[in-house]
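# Structural description and commentary
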Amino acid sequence: MLELENEIFLEMVHNIQETYGYVPEREINQLAEKFDQPRAKIYGAIKFYSMFYTEPTGKYVIRICDSLSCHLNDSHDLLLAVENFLGLKNGETSPDQLFTLEVVECLGHCGEGPVMMVNDKMYTELSKGRALEILKECQ
Amino acid sequence: MIKLTIDNTPVEVEKGTTLLEAARQVHINIPTLCYEENLSIYGGCRLCVVEVNERRQLMPACATEAEDGMEVKTHSPRVREVRQTLFELIIASHDISCELNCLTCTRQASCELRNVAEDIGINRMRLNPIYRGLDKDLSSYSVVREPNKCITCDRCIRKCEEVQGIGIFANSDRGPETTVTTFQDKGMGNVECTNCGQCIISCPTGALHEVYHMDSVWDALYNEEKHVIVQTAPAVRVAIAEPFGAEPGTVATGQLVAALRRLGFDGIFDTNFTADLTIMEEGTEVVERVSNNEHLPVLTSCSPGWIKFIEHFYPEHLKNLSTAKSPQQMFGALAKTYYAETMGVDLEDLVVVSIMPCTAKKFESKRPEMADDVDYVLTTREAAMMIKAAGINICDLEPEEYDNLMGVSTGAADIFGTSGGVMEAALRSAYYLITGEELEEIDIKPVRGLEGLKKAEVPINEDLTLKVGVAHGLSNAKKMMEMIADGEEFHFVEFMACPGGCIGGGGQPISAELTSTETLQRRMDGIYSIDSSKKLRQSHENPMVQKLYEEYLGKPGSHKAHKLLHTEYTPRGLS
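All values reported here derive from a predicted model rather than from experimental measurement. (Residues numbered from 1 in each chain as written. Chains lettered and ligands numbered in written order. Predicted model: local features only at pLDDT ≥ 70, side-chain atom pairs only at ≥ 80, totals over all residues.)

Attention shifts here to the overall build of chain B. Summing up its helical and strand segments, chain B has 18 helices and 17 strands in all. In terms of overall dimensions, chain B is globule-like: its C-alpha atoms have a radius of gyration of 25 Å, near the 25 Å expected for 575 residues. Principal-axis analysis of the C-alpha atoms gives chain B an extent of 75 × 60 × 50 Å. Looking at chain B as a whole, 50% of its 575 residues qualify as buried. (Helix = DSSP H or I, 4+ residues; strand = E, 2+ residues; numbered from the N terminus. Rg over C-alpha atoms; globule rule 2.2 N^0.38 Å. Buried ≥ 20, exposed ≤ 12 C-beta atoms within 10 Å, placed from the backbone.)

Laid out in structure tokens, this is it:
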């Protein structure tokens, strides 16, 4: 029997999310069988990590850091502007499945705040205007 | 042996004993919340912290093994200060605001948090409770979850996974956002929950409780046009007096009847009557299937938690289940036919209520194949609440008798309430059905007791020795199913979803003082004392069941009996 603590579990979840953009229900069922664990437990283990999704996400996942350093650089203002532009709140996905908005903890660029990620790409020292331009390019 | 001192009292314990167990050995009570007998150690609530050898770091007593020479202080000033603060933090996450007022809480009379507060000696509450605004889970026919009351002690998660072998709950998210939830947050009614209600017994905060049918039953009782009858399950009579201060296992059959009569029920009957009937139907089926070697082993079908379990996890074995309905549903089916016809009651006006030690019975009564034979199901706890609310103390009443038509039963029916009881009752009558003679020794001891898995061989005649098995608690049911899959031979196997059988059902009163094993043992003793005190102890001797067959059903397994008293099952899997 495989253990959930085993790093292979996380690797498998990462692979699933890379394939589908989220971790679909049938994949959780299969993991449960593979690891001989209740499926609720697998679900809980996945939900422990904020970077995994169990619901479909938008094509572009927008992450805005609101940790201390970015916060001091007005990340909240940036967030409000992005929220208004997308019409989304933290954790929501747009009906056209284009955008998912997430407020996250530190992205590792504390000297260059406020920062925003669009999928794997990092944008630093962002103004509100530049952020909206980036989002418009996605549309 | 390991020698240590706890609060200056010398203690000797076996290696591997925890400090919590060692302290209990010398009657020192260390408060706990996330600890529960028979569950794995979680160490999450930290209320059991103690000082060891004056080390700076306090140790959780539940998760620390005793070592030679330890000097443990369980109630030093530092420990008490830390414990109070921890409790304040826990309570802040347990919403006790106006909306979830203690007074309307399911645990109003048995609050474990209040007991812990008393044990700690709480004299301050500095933090405002957090209201998390989470929705109630109302998806199940049997159990309600109120997550705003949850303190994430994890007892429900461990109970479901470890004792019941299922694991429908898990923690999602982390830190203060941690929430106990179900697979994909679907709700208990939409996952592989068996409705057994064991999680309710484990929950210290009232975040889990049964779906109440009390208000509907009050309405029916108050409505003059309704003819309301009630049936009481075997395991209820040895537990109903507990909420009134009596010991578990106190037999209060007659007092229960008297209380229900005072509440205004128009007929008070006994599920025992249909338990005897179940034995006639199921026993006949077993005898037939054994002699035809058809779909063996026969698996019992009385426990609705077990039925949902097998439908989810072993749908390929549904053909092994006895087709006999459970006693509750047999009663319902007869109430709406035999009783209504005999008494001349209009079906429109007839309301059938049952009092069960069980939350899964609520789901069972809503199964489409059961029609609306049973209208409302009250747990033992709900029945006690209603009796209290009518100004009655059950312990003060003189015993009364059940109404006659469906109120007569044998000792074989009483033992349905405990693990091994259905098997013993069936064997008593199967012997008679096959040989035409009575068993010499009708106490079948190997199937009794709290052992999780039990086996016995009962010689019937020269050609046939019945091999039987008994499992209670669904993790044991799983083991039994694996034994069967591995080729172990049985003719007949009894399954009950709850530990101890119905006496340990999810609808039974929750005892704050005794451990679950102590409670179960006392209720079990109560059940067997009723059986041994009865003159008639074998189902086929029940005169009213004989009358029912003569006047209405014909013989066991007849066409009419099949139509009314047998059912089919639904393969569910894990969709």
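Having seen the model, we can carry on.
From N to C terminus, chain A includes six helices and four strands. N-terminal to C-terminal, the α/β element order of chain A is α-α-α-β-α-α-β-β-β-α. Its C-alpha atoms put chain A at 50 × 30 × 20 Å along the principal axes. Expressed as a percentage of its 139 residues, the buried residues of chain A come to 29%. If you take every contact in chain A between residues at least 6 apart in sequence, the share linking residues at least 24 apart comes to 58%. (Contact = placed C-beta atoms within 7 Å.)

What follows is about the interface of chain B and chain A. Every contact between the two is made by 14 residues of chain B and, on the other side, eleven residues of chain A. With four residues, the single largest contributor to the side of chain B that touches chain A is strand β7 (residues 169–172) of chain B. Class assignment for the residues of the side of chain B that touches chain A results in six nonpolar, five polar and three charged. (Nonpolar A, V, L, I, M, F, W, Y, C, P; charged D, E, K, R; others polar.)

For the peptide bond that leads from A:G113 to A:P114, omega is -5°, which places it in the cis range. Position of A:P114 among the secondary structure elements: in the loop between β2 (99–104) and β3 (116–118). At A:D74, a residue that is not glycine, the phi angle is positive and equals roughly 70°. Of note, B:N53 is a non-glycine position whose phi angle comes to about 50°, a positive value. Within the element layout of this structure, B:N53 appears in the loop between β3 (49–52) and β4 (59–60). Of the residues examined, B:N53 has 12 C-beta atoms within 10 Å and is grouped as exposed.

Turning our attention to helix α16 (residues 516–533) of chain B. Residues and elements named next belong to chain B. Its 18 residues place the ends of α16 26 Å apart at the C-alpha level, agreeing with the 26 Å of an ideal helix rising 1.5 Å per residue. Listed in full, the buried residues belonging to α16 are T519, L520, R522, R523, M524, G526, I527, Y528, I530 and D531. Contacts from the buried residues of α16 go to α13 (411–414). (Expected span 1.5 Å × (residues − 1).)

This brings us to the packing of helix α5 (residues 75–86) of chain A against helix α6 (residues 128–138) of chain A. All names here are of chain A. At a minimum axis distance of 10 Å, the contact between α5 and α6 shows a crossing angle of 35°. The handedness of the crossing between α5 and α6 comes out as right-handed. Here α5 contributes D77, L78, A81, V82, F85 and L86 to the contact with α6, which in turn contributes K128, A131, L132 and L135. Classifying every residue of the contact of α5 with α6 by side-chain character gives eight nonpolar, no polar and two charged. (Axes fitted to C-alpha atoms, helices over the stretch in contact; angles between N-to-C directions. Left-handed = near helix turned anticlockwise from the far one by under 90°.)

A few words now on the pairing of strand β14 (residues 376–379) of chain B. Going residue by residue along β14(B), you find B:Y376 and B:L378 tucked away on one face and B:V377 and B:T379 tucked away on the opposite face as well. The handedness of the strand β13 (residues 350–356) of chain B to β14(B) crossover, carried by helix α11 (residues 360–365) of chain B, is right-handed. (Right-handed = clockwise from strand over helix to strand, strands pointing away.)

Further remarks concern the sheet that holds strand β11 (residues 267–270) of chain B. Residues and elements named next belong to chain B. Overall, parallel pairing links the four strands, which are arranged β11-β10-β13-β14 in an open sheet. Because the sheet does not close on itself, it has two edges, and the strands there are β11 and β14. Along the sheet, successive strands turn relative to each other by an average axial angle of 25°, direction set aside. The sheet contact formed by strand β10 (residues 227–232) and β13 spans six bridges and is parallel. Across the sheet, the residue bridging to V230 is V353, located in β13. Contacts from helix α6 (residues 214–222) reach β10, β13 and β14 within the one sheet, and its direction differs from that of β14 by about 120°. Contacting β13 and β14, helix α12 (residues 380–389) crosses the sheet at an angle of about 85° to β14. (Pairing = 2+ DSSP bridges.)

Before going further, it helps to examine the domain arrangement of chain B. Residues and elements named next belong to chain B. Parsing chain B into structural domains produces domain 1 (2–92), domain 2 (103–210) and domain 3 (215–565). Between the C-alpha centres of domain 2 and domain 3 the distance comes to 29 Å. Listed as interface residues are 21 residues of domain 2 and, on the opposing side, 25 residues of domain 3. Every element with two or more residues in the side of domain 2 that touches domain 3 is listed here: α3 (112–120), α4 (155–163) and α5 (198–202). With three residues, α5 is the single largest residue contributor to the side of domain 2 that touches domain 3. Of the residues belonging to the side of domain 2 that touches domain 3, the class tally is eight nonpolar, nine polar and four charged. (Domains from an automatic or database assignment.)

Let us look at the environment of A:F99. Residue placement: A:F99 occurs in strand β2. Counting along the chain gives 38 residues from A:F99 to A:V61, while the straight-line C-alpha distance between them is 5.8 Å.

Attention now goes to the domain arrangement of chain A. Partitioning chain A into domains gives domain 1 (7–48) and domain 2 (60–138). The straight-line distance from the C-alpha centre of domain 1 of chain A to that of domain 2 of chain A is 27 Å.

On to the sheet that holds strand β15 (residues 453–459) of chain B. All names here are of chain B. Strands sit in the order β12-β17-β16-β15 across an open sheet of four strands; the sheet is mixed. With partners counted over all chains shown, the strands left at the sheet margins are β12 (298–299) and β15, one partner each. Here seven bridges tie β15 to strand β16 (residues 465–472), and the two strands are oriented antiparallel to one another. Looking across to β16, one finds that E457 is bridged to K467. Sitting on the sheet, helix α15 (residues 474–485) touches β15, β16 and β17 (492–496), and the angle it makes with β16 is about 145°.

Below, the discussion takes up helix α1 (residues 7–20) of chain A. Here α1(A) contains 14 residues, and its C-alpha end-to-end distance of 20 Å stays within 8% of the 20 Å for a straight helix at 1.5 Å per residue. Positive backbone phi, at 85°, marks A:G21, one or two positions downstream of α1(A).

Further remarks concern the packing of helix α2 (residues 25–35) of chain A against helix α3 (residues 39–48) of chain A. Residues and elements named next belong to chain A. Packing of α2 against α3 brings their axes to within 8 Å, and their N-to-C directions diverge by 110°. Between α2 and α3, the angle falls in the class roughly perpendicular. Crossing of α2 over α3 shows right-handed handedness. Contact with α2, carried on its side by I28, N29, L31, A32 and F35, involves R39, I42, Y43 and I46 of α3 and no other residues of that element. The residue makeup of the contact of α2 with α3, split by class, is seven nonpolar, one polar and one charged. (Parallel < 35°, antiparallel > 145°, perpendicular 65-115°, else oblique.)

This part is about the nonpolar core. Among soluble globular proteins, nonpolar side chains are generally buried collectively. B:I168, B:I240, B:A426 and B:L427 are the most contacted members of the largest nonpolar core, which totals 167 residues. In contact with B:I168, other than residues within four places in its own chain, are A:A40, B:C160, B:T182, B:F183, B:M188, B:V191, B:E192 and B:C193. A:L78, A:L79, A:F99 and A:V115 belong to the second-largest nonpolar core, a separate cluster that totals 15 residues. (Core = buried A, V, L, I, M, F, W, Y, C linked by C-beta atoms within 7 Å.)

All names here are of chain B. Checked against the element boundaries, F416 lands in the loop between α13 and α14 (421–435). In this structure, the C-alpha to C-alpha distance between F416 and D276, residues 140 residues apart in sequence, is 9.3 Å. Residues within four places of F416 in sequence aside, it is in contact with P234, A275, C302, P327, G421, V422 and A425.

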